[in-house]
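Summary of the model geometry
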Amino acid sequence: MVGSLKEFVTRAIKRNANIISTHCFLHRESLASKILPVALKPVLDKVVSMVNIIKSRPLKIRVFKNLCIFMETKYESLLLHTEVRWLSGGKVLRRFLELNDELMNFFQKENMDDFVEYLQNDIWCAKLAYLANSFDYLNCVDSSVQGRKENFLTMTNKLTAFRKKVIFWKNRVLEKKKVDIYPSLNDNTTDDIISAVTEHLTLLEEKIEFYFPSINVETYDWIHNPFAKVYTSNSKLSYQEEEELINLLSDRTLKMKFSEMVLEEFGSFCKKNTQLYP
């Protein structure tokens, strides 16, 4: 679709050089979130291994389900992580964390001492808790930029806010040596945890910057609300376009329509129902 020689975007740009092309926000956000530091990636890999041990064998699935029923847990099964499903990582980690005691009991009965050792290790469990919380935040971003009413501008605003939050979290961890922004960690502030969290947030900040290079969305404020009371000419419009925008600003009929429609509907209405603002 975005081939540099003959695919859709290239052909479209030949027709209109002003077109802005952008890769799928969800895909890029997923790529940014996949990068984990050395201190945390083995934790995710080990969780996937433990889950696969159970989920790949029907007998073990039944045994684990019966154990969960006996221990009266909220859930009766684990979730399987798949690379192509972007929200699965966070959901797998969250479910795994909530079934930690049941998993320990299961692996003890199965004499899988190496897995039991990990589940009894406070540092390993703290890193798991951090990953679960971190992926929860990433899943919230994923979900928030989906939907019929989302567009390039609203998604960019949300990604910009998330990037600023990542910087804020990193600075708080570095300056105050606290991880209270991650509820599941229970304020575990050992040097290993602080180091792992800081390294991951630094990597996440870098990858978000790489996959979402800075875009000055202020130049598109006139699209967000062409009827704003204060309008500054910073939209890089041509002289003729500036005059058309002034005419639109003065059109009270369109102003009332703007208050009744979502942004995309208003743009379509202007194009279809009037020749004044091409």
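Our subject is the structure listed above.
Here goes a summary of the coordinates provided. (Residues numbered from 1 in each chain as written. Predicted model: local features only at pLDDT ≥ 70, side-chain atom pairs only at ≥ 80, totals over all residues. Heavy atoms only, no water.)

What about the packing of aromatic side chains?
Heads up, the rule is: Working definition: a ring pair exists when centres of Phe, Tyr or Trp rings (six-membered ring for Trp) sit within 6.5 Å. Plane angles under 30 degrees give stacked, over 60 give edge-to-face, the rest tilted. A ring has a charge above it when a Lys NZ or an Arg CZ is no more than 6 Å from the ring centre and no more than 35 degrees off the ring normal.
Enumeration over the complete set of coordinates arrives at nine aromatic pairs. Taken together through their ring pairs, the aromatic side chains of F64, F106, F107 and F115 make up a single cluster. Stacked on the ring of F210, the Lys or Arg K207 has its end atom at 5.8 Å from the ring centre.

So, helix α7 (residues 113-120)
Convention followed: Think of it in three bands: with a 1.4 Å probe and only protein chains considered, a residue is buried below 20% of the maximum accessible area for its type, exposed above 50%, and partly exposed in between. The way it works is that DSSP assigns letters per residue, a run of H or I at least four long becomes a helix, a run of E at least two long becomes a strand, and they are numbered from the N terminus. Each C-beta atom gives one direction from the helix axis, and the arc is the one those directions make.
All of the buried residues in α7 are F115, V116 and L119. Looking straight down α7, one finds that the buried residues subtend no more than 100° of arc, so they occupy a single side. Facing away from the buried side of α7, by more than 90 degrees, are the exposed residues D113 and E117.

Describing the packing of helix α13 (residues 252-260) against helix α14 (residues 263-273)
The condition that has to hold: Whenever a helix is involved, its axis is fitted only over the stretch in contact; in every case the axis is a line through C-alpha atoms, and angles between N-to-C directions fall within 0 to 180 degrees. It is the rotation of the near helix from the far one that decides the hand of a crossing: anticlockwise by less than a right angle makes it left-handed, clockwise makes it right-handed. Residues count as neighbours in contact if any of their non-hydrogen atoms are within 4.5 Å of one another. Side-chain classes follow a simple rule in which Ala, Val, Leu, Ile, Met, Phe, Trp, Tyr, Cys and Pro form the nonpolar group, Asp, Glu, Lys and Arg form the charged group, and the remainder, Gly included, forms the polar group.
Closest axis-to-axis distance for the α13/α14 pair is 8 Å, and the angle between their directions is 145°. In this structure, α13 crosses over α14, and the sense of that crossing is right-handed. Each of L254, K257 and F258 in α13 lies in contact with α14, whose residues at this interface are L263, F266, F269 and C270. When grouped by side-chain class, the residues that make up the contact of α13 with α14 number six nonpolar, no polar and one charged.

Remarks on the environment of V262
Following the sequence through the fold, V262 ends up in the loop between α13 and α14. Here the alpha-carbon distance between V262 and K149, two residues 113 residues apart in the chain, equals 7.7 Å.

Interpretation note: all reported values are geometric properties and have no functional meaning in isolation.
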